[in-house]
Every structure is written in C-alpha cells, then in structure tokens.
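# Observations on the model geometry
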Amino acid sequence: MVAPAESSPGPAPGRHRIYLIRHGETAFNANRILQLPSTPLSERGLDQVRRLGERLHSAKLARILTSDLARAAMTAEAVRAATGAPLEYDDELRERNFGDLRGRSYDSLGFNPFLEGYEPPAGETWDAFHARVARAWRNVLDVAARTEGPIAVVTHGLLCRGVVLLHAPPAPGLVPPMRWRNSSVSIIEGAPLRATLIDCVAHLDGGARDMENDGHART
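Residue numbers run consecutively from 1 along every chain, following the written order of its sequence. Owing to the predicted nature of the model, reporting of local features is limited to residues with pLDDT of at least 70; listing and counting of side-chain atom pairs is limited to 80 or more, with chain, interface and lining totals taken over all residues. Note that the side-chain values use all heavy atoms of the structure and ignore hydrogens as well as water.

The number of helices and strands found in the protein is six helices and six strands. Counting from the N terminus, the helices are DSSP H or I runs at least four residues long and the strands are E runs at least two residues long. Written out in order from the N terminus, the α and β elements of the protein read β-α-α-β-α-β-α-α-β-α-β-β. A buried classification covers 51% of the 219 residues belonging to the protein. Pairs of residues are marked as contacts when any of their non-hydrogen atoms sit within 4.5 Å. Taking all contacts inside the protein whose residues are at least 6 apart in sequence as the whole, residues at least 24 apart take part in 66%. Burial here depends on accessible area, computed with a 1.4 Å probe over protein chains only, as a share of the maximum for the residue type. Under 20% is buried, over 50% is exposed, and the range in between is partly exposed.

To continue, consider the packing of aromatic side chains. Ring geometry is summarised as follows: Phe, Tyr and Trp rings, the Trp one being its six-membered ring, pair when their centres sit within 6.5 Å, and such pairs are stacked at plane angles under 30 degrees, edge-to-face over 60 and tilted between the two. Counted under the stated rule, the structure contains four aromatic pairs. Taking 5.4 Å as the distance between ring centres and 80 degrees as the angle between the ring planes, the aromatic pair formed by Phe98 and Phe114 counts as edge-to-face. Taken together, the positions of Phe98 in the loop between strand S3 (87-89) and helix H4 (106-109) and Phe114 in the loop between H4 and helix H5 (126-145) put the pair 16 residues apart, joining distant regions of the chain. For Phe114, a relative accessible area of 31% puts it in the partly exposed group. Ring plane angle 55 degrees and centroid distance 5.0 Å describe the contact between Phe111 and Tyr118, whose orientation is recorded as tilted. Classification of Tyr118 as partly exposed rests on a relative accessible area of 22%. Pairwise contacts between aromatic rings join Phe98, Tyr106 and Phe114 into one cluster. The ring of Trp126 is capped by Arg96, whose NZ or CZ atom sits 4.1 Å from the centre of that ring. Lysine and arginine charges are scored as sitting over a ring when NZ or CZ, respectively, is within 6 Å of the ring centre and within 35 degrees of the ring normal.

On to the layout of surface pockets. As defined here, a cavity is a set of points on a 1 Å grid over the protein atoms alone where a 1.4 Å probe fits but cannot get out. A pocket is an open set with protein on both sides within 12 Å along at least five of seven lines, and residues line them when an atom is within 4 Å of a point. Grid points are joined across faces, edges and corners, and a volume is the space filled by probe spheres set on the points. Its volume calculated, the largest pocket comes out at about 900 Å³. Lining the largest pocket are 38 residues; nearest its centre among them are Glu95, Phe98, Phe114, Gly157 and Leu158. Broken down by element, the residue count for the lining of the largest pocket peaks at six residues, all from helix H6 (residues 157-166). By the convention adopted, Pro, Cys, Tyr, Trp, Phe, Met, Ile, Leu, Val and Ala count as nonpolar, Lys, Arg, Asp and Glu as charged, and the other residues, Gly among them, as polar. A breakdown of the residues in the lining of the largest pocket according to their chemical character gives 18 nonpolar, eight polar and twelve charged.

Attention shifts here to the packing of helix H2 (residues 43-56) against helix H3 (residues 70-83). The contact between H2 and H3 brings their axes to 8 Å, and the two run at 35 degrees. For the element pair H2 and H3, the recorded crossing hand is right-handed. Two secondary-structure elements touch here, H2 through Leu46, Val49, Leu52, Gly53, Glu54 and Leu56 and H3 through Met74, Thr75, Ala78, Val79, Ala82 and Thr83. Axes here refer to lines fitted to C-alpha atoms; in helices the fit is confined to the stretch in contact. Angles between the N-to-C directions go from 0 to 180 degrees. Whether a crossing is left-handed or right-handed is set by the direction in which the near helix is turned from the far one by less than a right angle, anticlockwise for left-handed and clockwise for right-handed.

In short, the description is geometric, and any link to function would need to be established separately.
So this is what it looks like as structure tokens:
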C-alpha cells in the first residue's frame, strides 16, 4: 500500500466542491463479474443515473470529468444531459485493470482478486494503480482550480475509495465503506480537502437532496 500523498491545498476554500461519483449499475455488477471496458449500464443502471442527474440538477456544475470506460461515460452523459455542464474524458480515471481476469465471475476465481499484493495477469498492480490514482487526482485538482464552480468526477469504485483514503480523508465521524455503491455521490471540499459526504444514494430512495446544501453524511 502506498502512503498518503502530501496534502494539497486544492481549490480555494468556498469556491468549489468536487462531486465524486461512481458509475451506475451494469449486468456485470449485478452478476459479480469483473468488468470489461465496454460493459454498458443495465436498465437498472440507466434508471439510477437518470435519478442521479435529477439530484445534481441544482448543483450548478461547471464541468464534468469522466473515465472513458463505457459504464462511466454513460453515467457522465446522463449528468451532462441533466445539468448542461461540459464533459471531458480522462483515461487516468479508469477502474483498476484486472487484465486476463476481466469477464470472469468472482466465484469462478477461487480467490480474492483485491488482496494486497495480488498482481492480475496482464493487469495492473496495486502500486501502479495507486500511482495512477494520484495522477488522476492531481489532474482533478488542476481542473477544479481553473474552473469557476463545482465539478463532477465520474469514475469507479476502487478509484473513489483510493481518493478518499489517500488524498481527501473523511471529515470527523465519517468512515469510507469497503465497497462504493452504484451511482453514489461523495463530496470533497474545504481546505484542506475533506470528504464531507461519502457514498450517498439518497436519490435512489425517492428523495433528491439539495446538492448545494448537502454534506456530512453517508446515506
């Protein structure tokens, strides 16, 4: 495991929020299969991201950064359609590359592919992945610093967890989950940067929170 990066001042306090979003559900998520890059959202996932877009409509997003993998790109497009914010792709925001394991079910493996030290064949080591997360987060901060308003970052579960564990630690009283839920929203803000909302899926419970005032919860 790499050590946490030195804290960055990030965007000016009070000027920005960063909405960290995990993509909507795919059939591979539902069936516990390691994802292929081209896996699209399922019907359930499309409904999740429609609700996500409704939730973020009041967030006044100025820009969206997204992984270019299909499931994240489809999620980001739903947010763009709901908010009108311009969208940019960044391949550094991709999920960890599990190489030859992609397309296989977890049950078929007979081991935990997330164990520390495991290197998937033709895939990405944990060290390489954490180094990429650090590069991706630096780019997010660069974009946030030159953008007048909040930005959304649409990415994947392991990257969400890596950001909160290593680059934007939780506010007091918040604990990151082991597994981020599909279409969940986390909020990164303040100086130094902290996660003030983690893995929130209130929009799936029938209530779209006011994202201008949301924070300090895991729902």
